[in-house]
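Breakdown of the fold
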Amino acid sequence: MPLPPAAPRKNLHQRRYDFQGYEREDGLWDIEGRITDVKSYPFDNQFRGTIEAGEALHDMWIRLTVDINFVVQNIEACIDDSPYSVCPSITPNFKKVIGLKVGPGWRAAIRRAVGGTKGCTHLVEMLGAMATVTFQTLYPAMIKYQAKLKESQKGEKQDSENKKKRPGIIDTCHAYSANGEIVRQEWPDFYTGNS
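Criteria and cut-off values
- Residues numbered from 1 in each chain as written.
- Predicted model: local features only at pLDDT ≥ 70, side-chain atom pairs only at ≥ 80, totals over all residues.
- Heavy atoms only, no water.
- Helix = DSSP H or I, 4+ residues; strand = E, 2+ residues; numbered from the N terminus.
- Core = buried A, V, L, I, M, F, W, Y, C linked by side-chain atoms within 4.5 Å.
- Buried < 20%, exposed > 50% of the residue type's maximum accessible area, 1.4 Å probe, protein only.
- Contact = heavy atoms within 4.5 Å.
- Patch = residues over 30% accessible without salt bridge, like charges linked within 9 Å, V, L, I, M, F, W, Y side chains within 5 Å.
- Areas by Shrake-Rupley, 256 points an atom, 1.4 Å probe, with all protein chains shown as cover.
- Salt bridge = Lys/Arg side-chain N within 4 Å of Asp/Glu carboxyl O.
- Phe/Tyr/Trp six-rings, centres within 6.5 Å; stacked < 30°, edge-to-face > 60°.
- Pairing = 2+ DSSP bridges.

Attention now moves to the environment of Gly103. Tracing the backbone shows Gly103 in the loop between β6 (72-81) and α1 (106-114). Each C-alpha atom, one on Gly103 and one on Gly168, is 9.1 Å from the other, the two residues being 65 residues apart in sequence.

Shown next as structure tokens:
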């Protein structure tokens, strides 16, 4: 269901995100993101002159390459359009993200690596959003990988064999609340609501 009708208004700004997830032939995955900011009116910019209505103020890209364990193997960042001529010079700094793991603590880790003056606000923001795209892209492969790993460990005696591990997705949002219906059905051992 869409939003209810809005009050009379005039469009001034549009920000678009576009994310794509790819499985590579070499066993890695590429997550690509693009952000654009466009105004509906022309305005003057000290470094670019007049930026026309519909022309991008920001046009920025990231390609994040990860392995099956969600560890960043490579990153490419590109700034095609920005309000300042100095902006594109920060993109090589994003190589500091290599080796980080997409998962719990991801946003804090990228802020430490490329936040503030060590990076670009817009690229850092986009990297944060790319975590869920990474999860959505790798999810089918991750399930197969975990099943294969579990199969290869069959017969090995482990103390943790009788103890199930709590899925990391529990309590990450309203739908996956530990006391909610989805957790009750999918992971009953970790359901905390009333039966």
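More follows now that the structure is in view.
What follows concerns the nonpolar core. Nonpolar side chains in soluble globular proteins tend to end up buried together. Counting 32 residues, the largest nonpolar core has Leu64, Phe94, Val97, Trp106, Leu123 and Leu127 as the members making the most contacts within it. Sorting the residues of this core by element identifies β2 (29-39), β5 (56-66), β6, α1 and α2 (121-152) as the ones contributing at least two each. Counting residues per element, this core draws most heavily on α2, which supplies nine residues. Non-local contacts of Leu64, meaning those with residues more than four positions away in its chain, are made with Trp29, Asp30, Ile31, Val72, Asn74, Ile75, Val97, Val102, Trp106, Leu127, Met130 and Thr134. Core analysis: the second largest hydrophobic core is formed by five residues, Ala178, Val183, Phe190 and Tyr191 among them.

Another point: a nonpolar patch on the surface. Together, Phe47, Tyr84 and Val86 make up an exposed nonpolar region whose accessible area comes to about 320 Å². Here Tyr84 is to be found in the loop between β6 and α1. Its relative accessible area of 45% is what places Tyr84 among the partly exposed residues.

Here the focus is the packing of aromatic side chains. All chains considered together, the criterion is met by five aromatic pairs. Here the aromatic rings of Tyr17 and Phe19 are separated by 5.7 Å at their centres, their planes lie at 15°, and the arrangement is stacked. A relative accessible area of 23% places Phe19 in the partly exposed class. Their ring planes at 55° and their centres at 5.3 Å tell us that Phe135 and Tyr139 sit as a pair that is tilted. Placement of the pair is Phe135 and Tyr139 together in helix α2, with a separation of four residues, close to one helical turn.

This brings us to the pairing of β2. Where burial is concerned, most of β2 is hidden: ten out of the eleven residues are buried. The pairing of strand β1 (residues 13-23) with β2 spans eleven bridges and is antiparallel. Within β2, the position partnered with Arg16 by the bridge is Thr36. A loop of five residues connects β1 with β2, the two strands running antiparallel in sequence, and Gly27 in this loop sits at a positive phi of about 90°. Here β2 runs beside β5; their pairing, made up of ten bridges, is antiparallel.

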